[in-house]
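Residues per chain, in single letters:
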Amino acid sequence: MKTYLKTQYTATSQVLIAVVSAVLGCNIYQAIVHPEKSHLILSIILVMMTYNMVEKYGHKMTQQEGQENKQ
């Protein structure tokens, strides 16, 4: 529970990554089976946006946490 409170965006990031992975997988399938219906460029843009959001709001270690992990 302590970890969850310190990283308030962890659950949101995991849900976001799962949704983006599902959309990307669906669009890759569409690109293979029905190329005219695929929106692969939009999926790649969505993946890049997700990467940026997770990097920006992801868990950042404080100095105290870093020292606890070293010990």
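Anything mentioned here points back to the structure above.
Being a predicted model, the structure only gives us computed values, none of them experimental.

### Structural notes on the overall build of the chain
Phase 1: Helix and strand content of the chain: 4 helices and 0 strands.
Phase 2: Counting helices and strands in the order they occur from the N terminus, the chain gives α-α-α-α.
Phase 3: For the chain, the accessible area works out to roughly 6,100 Å², and carbon and sulfur atoms hold 64% of it.

### Overview of helix H2 (residues 10-33)
Phase 1: Between its terminal C-alpha atoms H2 stretches 35 Å, which fits the 34 Å expected from 24 residues at 1.5 Å a residue.
Phase 2: Those residues of H2 lying buried are Ser13, Val20, Asn27 and Gln30.
Phase 3: As for H2, its buried residues are in contact with helix H3 (40-57).

### Thoughts on the environment of Val20
Phase 1: Assignment of secondary structure puts Val20 in helix H2.
Phase 2: Judged by its relative accessible area of 7%, Val20 falls in the buried class.
Phase 3: Expressed as a C-alpha distance, the spacing of Val20 and Ser43, which sit 23 residues apart in the sequence, is 7.9 Å.
Phase 4: When near neighbours in sequence (up to four residues on either side) are disregarded, Val20 contacts Leu46, Val47 and Thr50.

Rules of the game
Residues numbered from 1 in each chain as written. Predicted model: local features only at pLDDT ≥ 70, side-chain atom pairs only at ≥ 80, totals over all residues. Heavy atoms only, no water. Helix = DSSP H or I, 4+ residues; strand = E, 2+ residues; numbered from the N terminus. Areas by Shrake-Rupley, 256 points an atom, 1.4 Å probe, with all protein chains shown as cover. Expected span 1.5 Å × (residues − 1). Buried < 20%, exposed > 50% of the residue type's maximum accessible area, 1.4 Å probe, protein only. Contact = heavy atoms within 4.5 Å.

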